[in-house]
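Below, each chain spelled out in residue letters.
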Amino acid sequence: MSKIPFTKMHGCGNDYIYVNVAQHPIESPKEAAIKWSDRHKGIGSDGLVLIDKSPVPEADFSMRIFNADGSEAMMCGNASRCIGKYLYEKTHPWPLPIKEGNGYQETEIRLLTLSGIKTLYLHIVNDIVESVTVDMGEPAYDVPTQFIASRGLDKGTFVSMGNPHYVIFTENVEQVGEVGRTLEYHPAFPQRCNIEFAKVIGGDTADHTTTIRTRVWERGSGITQACGTGACATAVAAALSGKAGRTSQIMMDGGTLSIEWRESDNHVYMTGPAAFVFDGEVEINCK
């Protein structure tokens, strides 16, 4: 039974296990994600992220994400920021250019995901990645064929950031655990859905930024400390409904993300931190 190295990282508390599969392939990532994500019998995480070289020249690297239940996710904003820090600061035989004794040198990285190529802009202080801005692309928003009317909730807003989100503005964001699971599997969402409960807590300031408290039920993982795509979806939903302008601070359980929905290109830009937790080795016996 062999062992492979991994790194645990988090973005605002949204924690994943990261593996360089260019060096250490995982034959059955679904099974590995279920086993290793277990917080009592495994490493403990919201899922497993695989980092690899890109199979296409338009991108520098690729990522695949498996939730704690083994389902594969289309995109994860927090994981993409963590990958930026991982690539820059960790020593690996990445494609050129390489810093001597350190990681991938570029501060602008094109990352291939199942939702397309996302560009990461690394903000470096003293050779450390302090934060990362991710160009999340254009949001898509449409009304599902059915509106959700459950336990007195107001009608929500459907937003796709490459993965589906349903954002509900409410005075009671704490109902995330009570209602989130039910809404994830609602018939209106044939592919299931991420659910956000949001409340505007700070009005438009001098810099036209609105503060929004958000709690997240992630598809395949349940309640998480944060969700990057969920923060983006919340900001878009707030702008569409007139609750905010184009810039928001999204306060989640694990931290705050800055979201800008730019008029110039209609893209959503997410900025936030990424952090290492620990490195380790894990037995690989999932086939």
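None of these values were measured; they are calculated from a predicted model.

Draft legend 1. Structural view of empty space enclosed by the protein. Summed over all chains, the structure comprises two cavities of 30 Å³ or more. The computed volume of the largest cavity comes to approximately 90 Å³. In terms of lining, the largest cavity is formed by Tyr 16, Asn 67, Ala 73, Met 74, Met 75, Cys 76, Asn 163, Asn 194, Glu 218, Arg 219, Cys 227 and Thr 229. For the lining of the largest cavity, a count of residues per class yields six nonpolar, four polar and two charged. Space inside the second largest cavity adds up to approximately 30 Å³. Contributing to the lining of the second largest cavity are Ala 235, Val 236, Ala 239, Gly 245, Arg 246, Thr 247, Ser 248, Ile 259 and Trp 261. Of all the secondary structure elements, the ones that give two or more residues to the lining of the second largest cavity are helix H4 (228-240), strand S15 (247-252) and strand S16 (255-261). Of the residues forming the lining of the second largest cavity, the biggest block, three residues, is contributed by H4. Within the lining of the second largest cavity, the residues separate by chemical class into five nonpolar, three polar and one charged.

Draft legend 2. How the structure looks around the pairing of S16. Side chains Gly 255, Leu 257, Ile 259 and Trp 261 of S16 all project onto a buried face; the interleaved residues Thr 256, Ser 258 and Glu 260 project onto a face where none is buried. Summarising the sheet, S15 and S16 pair through six bridges and their orientation is antiparallel. Across the sheet, the residue bridging to Ile 250 is Leu 257, located in S16. With four bridges joining them, S16 and strand S17 (residues 268-272) adopt antiparallel strand pairing. Note that in S17 the partner of Glu 260 across the bridge is Tyr 269. Linking S16 to S17, which pair antiparallel, is a turn of six residues; within it Asn 266 sits at a positive phi near 65°.

Draft legend 3. Seen up close, the nonpolar core. Ranked by size, the top nonpolar core spans 52 residues in total, and within it Tyr 18, Val 49, Ile 83, Met 136, Ile 259 and Val 268 carry the most contacts. The leading source of residues in this core is H4, at seven residues. For Ile 259, the contacting residues outside a window of four places in its chain are Ala 231, Cys 232, Ala 235, Arg 246, Thr 247, Ser 248, Ile 250, Val 268, Tyr 269 and Met 270. Judged by nonpolar contacts, the second largest core, of 14 residues, contains Val 19, Ile 26, Trp 36 and Val 282.

Draft legend 4. Representation of helix H1 (residues 29-37). When we look at burial in H1, the residues that qualify are Pro 29, Ala 32, Ala 33, Trp 36 and Ser 37. The arc that holds every buried residue of H1, seen down its axis, measures 105°, which confines them to one face. The inward-facing, buried residues of H1 abut strand S1 (2-11), strand S2 (14-20), strand S3 (47-53), strand S4 (61-67) and strand S18 (275-284).

Rules used in this analysis
- Residues numbered from 1 in each chain as written.
- Predicted model: local features only at pLDDT ≥ 70, side-chain atom pairs only at ≥ 80, totals over all residues.
- Heavy atoms only, no water.
- 1 Å grid on protein atoms, 1.4 Å probe; cavity = no way out; pocket = protein on both sides within 12 Å on 5 of 7 lines; lining within 4 Å.
- Points joined across faces, edges and corners; volume = space filled by probe spheres on them.
- Nonpolar A, V, L, I, M, F, W, Y, C, P; charged D, E, K, R; others polar.
- Helix = DSSP H or I, 4+ residues; strand = E, 2+ residues; numbered from the N terminus.
- Buried < 20%, exposed > 50% of the residue type's maximum accessible area, 1.4 Å probe, protein only.
- Pairing = 2+ DSSP bridges.
- Core = buried A, V, L, I, M, F, W, Y, C linked by side-chain atoms within 4.5 Å.
- Contact = heavy atoms within 4.5 Å.
- Arc of directions from axis to C-beta.

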